[in-house]
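Single-letter residue listing:
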Amino acid sequence: MNEYDSDRIKNAIDAEPTDDPKKADIIIVNTCAIRDKADQKAFSSLGKYKHIKANNPDAIVGIAGCVAQLYGDKLLKKIPHLDFVLGTRSIPKLPEIISKIERDKRRTVETSYDLEELFEVEPYHKEGKVTAFVSVQQGCNKRCTYCIVPQVRGDEVNRPLNDILRETTNLVNKGVREITFIGQTVNSWKHDGNKFGDLIRAAGDVEGLERIRFTTSYPRDITKRMIDAMKDVPQVCHHLHLPVQSGSNNVLSNMKRTYTREWYVDTILRLKDALPDITISTDIIIGFPGETDRDFQDTMSLMKEIEFESSYSFKFSPRPGTVAAEYAEEETVKADIASVRLSELQAFQKDITEKKNLSRVGQIEKVLVEGESRNDPDVLSGRTDHNRILNFNGAKDLVGKTVKVKVTEGLLNSLRGELII
Ligand code: 5AD
C-alpha cells in the first residue's frame, strides 16, 4: 500500500527523481503508522533532512501518509524544518500544495477527506518492470480493535470496475505481465452489484495479463463466489495472504475479527478443496492485551495445524485512538513475555518455511522473470505461482517471460534452480 502511494506521489509531481537528497528540490517522506516502530522510523528519517534544509532553505520538505494523517498540524510544531503535511487522501492535491508553498512560502497542512476522485493519480511505473500494483480500494470498514487504519485512511471506498480494468490494461500494454490488486481488505471489494469474484473474472479477460494476485484478503470475506472465480480463472496465482492474527477464540473475539479459529480453519479447507496446491501466508499479533499463556498455546497449535508457507509476526503495539490502546494496565502482556512468545513462534515458522522450501527441490516451477537478482547480475530472479522467490542463471532477455525452472535448492527466504530449455 505504501509503496503504491509513494509511486503515486512520484507521479503527482512533475519532477525528476534523485537518489541524492542533497540535490533534491522536494523531499517527501511517506509514512506508515500501523505499528509503533513504523512511526518512529518516519520521525528519524525526517530528522536526517534537517541539515539539508539548513544548507538549502529553498528545498521543500514534506511528510505524507498515515503518520501525516494521524498527527496533522502537530507535526509542524514538532518539526521546524517541515513545510507540509499531506494526508492519505490528498495525493492529487500535491501539485497545488507545492506551488502554493513556492509562491507564498507558507507551511501547509492538508489532511481532509473531501476529495471525490480518490484514485485520480495513478502510480509511477518504471519502464521495463513486469509486475505492478493496482489499487482497487482505499480505507477500511472493519473495526479490529488494535488497528489504526480506519482512523488514518478512512472508511472503505471501492473503485469502479472499469477504472480498475483500464489501469490494468494500460499497464499490460506497457509490458506488465503480473498485476496485484491491493486494498486493506481487498476481497471485500464490491461496486455496482459486482463482487470481488466478478473482478477476478473480468481481470482474467484482460488480454496479455498472465498473472493475477491480490492482497490483503480478509478471512470473513472469502466467499464461494470468490473461490469459484479463483478456480476458474487460470491467471490467478495459487497463493493467498490471509492474516489470522491469533489462534485463540478469546483473543480473536477481543480483537473483533468476526470469525473463530474453527471458521478460519474451515475456510482454509474450502480453499484447498478448490485449489489443492494453494499456499497460505499469514500475520500474527503476539501479546494482544489479555493474551494468556493458554491463548498463546492456541496460536501455536494453529500454526502447527495449518503450517503456513510463511508468516509475519509482530508484538502488539498500542496505537493512539484504538480500542485496544485503552485497555486496562493489568491486561498488558509484559514485554519480556511477549518477546519469548514471539521468538518461539518465529523459530517454529522458520523451520516450517525451510521444510516447505526444501520440499520443492526437484519440482518444476513456472516463474515470471522479474529481473536480475539483487546480488549477482548473471542470476535472474522471479517468483513462482506460490509467491516464492526463485533465482537461477539465465540471459537477461528472459526478463518478462514466463519460464520453467527446476528447483535445486531450498533456502530460508528463496529457492535456487536451473532453467529448463
Ligand atoms: N500492533 C501490532 N501489530 C499490528 N498490526 C496491525 N496493527 C497492529 C498493532 N497495533 C499487524 C497485523 C496486520 C499487519 C499489517 O500489522 O498483523 O495484519
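Since we're looking at a predicted model, the values are computed, not measured.

*Asks:* Which parts of the structure should I look at to understand the sheet that holds strand E3 (residues 84-86)?
*Replies:* Pairing is parallel in the open sheet, where four strands are placed in the order E1-E2-E3-E4. Looking along the sheet, the strands with just one partner apiece sit at the ends: strand E1 (26-31) and strand E4 (108-110). Strand-to-strand twist in this sheet, taken as the mean axis angle between neighbours without regard to direction, amounts to 15°. Note: strand E2 (residues 60-65) against E3, three bridges, orientation parallel.

*Asks:* What is the right way to look at the nonpolar core in this model?
*Replies:* It is characteristic of soluble globular proteins that their nonpolar side chains tend to be buried jointly. Grouped together as the largest cluster of nonpolar side chains are 54 residues, with contacts concentrated most on Ile63, Val67, Ala68, Leu86, Leu94, Tyr146 and Phe288. Counting residues per element, this core draws most heavily on helix H4 (residues 66-71), which supplies five residues. Composition of this core by domain shows at least three residues from each of domain 1 (2-110) and domain 2 (125-237). Among the nonpolar cores identified, the runner-up in size contains 33 residues, and Val130, Leu171, Phe181 and Met230 belong to it.

*Asks:* Before we go on, may I ask you to explain the domain arrangement of the protein in this structure?
*Replies:* Note on interface size: it is often stated as the accessible area lost on association of the parts. Each assigned domain of the protein is listed here: domain 1 (2-110), domain 2 (125-237) and domain 3 (364-420). Using only C-alpha atoms to locate each centre, domain 1 and domain 3 end up separated by 37 Å.

*Asks:* How should I be thinking about the environment of Thr169 in this particular structure?
*Replies:* With respect to the element layout, Thr169 can be found in helix H8 (residues 161-173). Each C-alpha atom of the pair Thr169 and Ser313 lies 35 Å from the other, and the pair is 144 residues apart in sequence.

*Asks:* What is the right way to read the packing of helix H9 (residues 196-204) against helix H10 (residues 224-232) from this model?
*Replies:* Angle between the axes and distance between the axes are the two parameters that describe a pair of packed helices. Contact geometry for H9 and H10: axes closest at 7 Å, N-to-C directions at 15°. With respect to their mutual orientation, H9 and H10 come out roughly parallel. As for how H9 packs across H10, the hand of that crossing is left-handed. From H9, Phe196, Gly197, Ile200 and Arg201 reach across to H10, where they touch Arg225, Met226, Asp228, Ala229 and Met230. Considering only residue class, the contact of H9 with H10 consists of five nonpolar, one polar and three charged.

Basis of the calculations
Residues numbered from 1 in each chain as written. Predicted model: local features only at pLDDT ≥ 70, side-chain atom pairs only at ≥ 80, totals over all residues. Pairing = 2+ DSSP bridges. Helix = DSSP H or I, 4+ residues; strand = E, 2+ residues; numbered from the N terminus. Axes fitted to C-alpha atoms, helices over the stretch in contact; angles between N-to-C directions. Core = buried A, V, L, I, M, F, W, Y, C linked by C-beta atoms within 7 Å. Buried ≥ 20, exposed ≤ 12 C-beta atoms within 10 Å, placed from the backbone. Domains from an automatic or database assignment. Parallel < 35°, antiparallel > 145°, perpendicular 65-115°, else oblique. Left-handed = near helix turned anticlockwise from the far one by under 90°. Contact = placed C-beta atoms within 7 Å. Nonpolar A, V, L, I, M, F, W, Y, C, P; charged D, E, K, R; others polar.

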